[in-house]
Amino acid sequence: MAKEPLRVLVTGAAGQIGYALVPMIARGVMLGPDQPVILHMLDIAPAAEALNGVKMELVDAAFPLLKGVVATTDAVEACTGVNVAVMVGGFPRKEGMERKDVMSKNVSIYKSQASALEKHAAANCKVLVVANPANTNALILKEFAPSIPEKNITCLTRLDHNRALGQISERLNVQVSDVKNVIIWGNHSSTQYPDVNHATVKTSAGEKPVRQLVANDEWLNGEFITTVQQRGAAIIKARKLSSALSAASSACDHIRDWVLGTPEGTWVSMGVYSDGSYNVPAGLIYSFPVTCKNGEWSIVQGLPIDEFSRKKLDLTAQELSEEKALAYSCLS
Ligand code: NAD
Ligand code: LMR
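Please read all numbers here as calculations on a predicted model, not as lab measurements.

**Description of helix α6 (residues 158–172)**
Then, number 1: Relative to the 21 Å expected for 15 residues at 1.5 Å per residue, α6 spans 21 Å between its end C-alpha atoms, a close match to the ideal helical length.
Then, number 2: Those residues of α6 lying buried are R158, L159, D160, H161, R163, A164, L165, Q167, I168 and S169.
Then, number 3: N173 lies just past α6 and shows a positive phi near 55 degrees.

**Focus: the UniProt feature "binding site: substrate" (unreviewed entry) in the chain**
Then, number 1: The sites that UniProt annotates as "binding site: substrate" (unreviewed entry) are R93, R99, N132 and R163. Annotated residues spanning 71 residues; largest pairwise C-alpha distance 26.0 Å, indicating distribution over more than one region.
Then, number 2: Tracing the chain through its elements places R99 in helix α4 (residues 99–120).
Then, number 3: Setting aside residues up to four positions removed in sequence, R99 forms contacts with R93, E323 and L326.
Then, number 4: Here N132 lies in the loop between β5 (126–129) and α5 (134–143).
Then, number 5: Not counting the four nearest positions on each side in its chain, N132 is found in contact with N106, N137 and H188.

**Notes on the pairing of strand β11 (residues 206–209)**
Then, number 1: The pairing of strand β10 (residues 200–203) with β11 spans four bridges and is classified as antiparallel. Within the sheet, the bridge partner assigned to T200 lies in β11 and is P209.
Then, number 2: From the end of β10 to the start of β11, which pair antiparallel, there are two residues.

**As for the sheet that holds β11**
Then, number 1: Taken together, the three strands give an open sheet; going across it, the order is β7-β10-β11, and neighbouring strands pair in antiparallel fashion. Both outer strands of the open sheet, β7 (179–180) and β11, are each paired with one neighbouring strand and no more.

**Notes on the site of ligand 2**
Then, number 1: Inspection of the region around ligand 2 gives N132, R163, H188, G232, I236, S242 and S243 as its neighbouring residues.
Then, number 2: R163 is positioned with one of its side-chain polar atoms (N or O) 2.8 Å from an oxygen atom of ligand 2.
Then, number 3: Within the contact set of ligand 2, an oxygen atom lies 2.6 Å away from a side-chain nitrogen or oxygen of H188.
Then, number 4: Relative to its unbound accessible area of 280 Å², ligand 2 is 73% covered by the protein chains.

**Digging into the side chain of S250**
Then, number 1: In this structure, S250 sits in helix α10 (residues 245–260).
Then, number 2: Note on S250: relative accessible area 2%, which makes it buried.
Then, number 3: Contacts of S250, omitting those with residues within four sequence positions, involve L156, R158, L159 and N162.

**Description of the packing of helix α1 (residues 16–26) against α10**
Then, number 1: Put simply, α1 and α10 touch, their axes get as near as 8 Å, and they point 40 degrees apart. With respect to α10, the axis of α1 lies oblique. For the element pair α1 and α10, the recorded crossing hand is right-handed. Each of I17, A20, L21 and M24 in α1 lies in contact with α10, whose residues at this interface are L245, A247, A248, S249, A251 and C252.
Then, number 2: Classifying every residue of the contact of α1 with α10 by side-chain character gives nine nonpolar, one polar and no charged.

Thresholds applied
- Residues numbered from 1 in each chain as written.
- Chains lettered and ligands numbered in written order.
- Predicted model: local features only at pLDDT ≥ 70, side-chain atom pairs only at ≥ 80, totals over all residues.
- Heavy atoms only, no water.
- Helix = DSSP H or I, 4+ residues; strand = E, 2+ residues; numbered from the N terminus.
- Expected span 1.5 Å × (residues − 1).
- Buried < 20%, exposed > 50% of the residue type's maximum accessible area, 1.4 Å probe, protein only.
- UniProt positions renumbered as here; feature names shortened; annotations may be inferred.
- Contact = heavy atoms within 4.5 Å.
- Pairing = 2+ DSSP bridges.
- Near = heavy atom within 4 Å.
- Polar contact = N/O pair within 3.5 Å; in protein donor to acceptor, adjacent residues only side chain to side chain.
- Areas by Shrake-Rupley, 256 points an atom, 1.4 Å probe, with all protein chains shown as cover.
- Axes fitted to C-alpha atoms, helices over the stretch in contact; angles between N-to-C directions.
- Parallel < 35°, antiparallel > 145°, perpendicular 65-115°, else oblique.
- Left-handed = near helix turned anticlockwise from the far one by under 90°.
- Nonpolar A, V, L, I, M, F, W, Y, C, P; charged D, E, K, R; others polar.

Next comes the structure, spelled out in C-alpha cells:
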C-alpha cells in the first residue's frame, strides 16, 4: 500500500542550500524512494519572487514522489502539519556587524519560528537546524518550543562528519563508504573536534583502525583536524559562497539516518541536547557520536577519551557555553 505523504519544511528555501536541498527531498534522498512528500518552503518577503521561481521549477521537474508544494512567507502556514523541519533560514553576518548583532538577529528569528513550530507542527516533528550558529540557534529553538520533546531538536554536524570521512578516504586512497565511525564533537565551528580514535576502514583483511592504516599521528593530530575545522572557510574562499550541495546532502543524511536508522555497527555525528555524557555540560546542543533506531537517536556510550581529546572536547564545550550566554544576553 502506498505510504501517506510526509510534510517537510525547509526555511530559507530561496537561498543556495535550499535550492540544492529541495530537489533532493523531492527525489526521496531524505526520506526514502517510497516515501511521498509535500514540501513546505518558507522565506522572507524580499525573497518571495525567487521562492515562487523555485516552486515553479519543482513543478517543472515532475518529481513522482512530490505530492504538493507550499511556498510562503507566513511562518504559521509554513509550519502547519509538518513532520520534519529543516531550518536553513537565518541572518548572515554582514560587513561591520559584531558577533552580538548577528546573534541577536538569529535569536529573534529562532524564538519566533520555535513558537510557530510548537503551535502548528505535527506531533513528534523532527527538527534539524542548519543555519549558523547552528548549535545555538537549535538551543534557542528548544528553549522557546518547550512542548516539542528535546530529543526532537538537533543541529547539523553531519557535514563535518562527512568531511572527516572524505579526508581519510583521500589520504588512504580507499572508498569513502569503507570508512566509518569518525566523530565530530562539539560546535559546528572551528573549535569542533574531528576524532578518528575509534574510526575504522573496511579492508580485504577485515576492519582496521584508521590510526594504524594512516600511521602518521602528526598528520592525524594536526593537519587532518585543522582541514576539517576550516573546510567551511576554505569553501567560502574558493566559491565566494558557503558550502551548499554538501550541506544539503549532509542534511539529507542526517534526517535519513535519524528516521530510518543507522547501519549496524556504525555511528554518525549529530548535534543533540547534552545530557552530561562524556562530562559535556548538560544543557548545550553539542555534537556527539549517535546511533539511531526506530526514529530515535542515542549517544554512543563508553568510548575511551584520551587526554588530547579531553582538552578538545572541553574547549569546544567552553565556546558553546559562551555562545549560550551571548544568546541569552540578546533575550534580555
Ligand atoms: P543564503 O543566504 O543563500 O540563504 C538563506 C535564506 O534564508 C535566504 O533566502 C534568506 O532570505 C532566508 N531567510 C533569512 N531570514 C529568514 C527568516 N527569518 N525566515 C525564513 N527565511 C529566512 O544562505 P545559505 O548559503 O543557504 O546558508 C544558509 C545558512 O546555513 C547560513 O546560516 C549558513 O552559514 C549555514 N550553513 C550551515 C552549515 C552546517 O553544516 N551547519 C553548512 C553550510 C551553511
Ligand atoms: C560550512 O561549514 O560550510 C558553513 O557552516 C560555513 C559558513 O560559515 O557558512
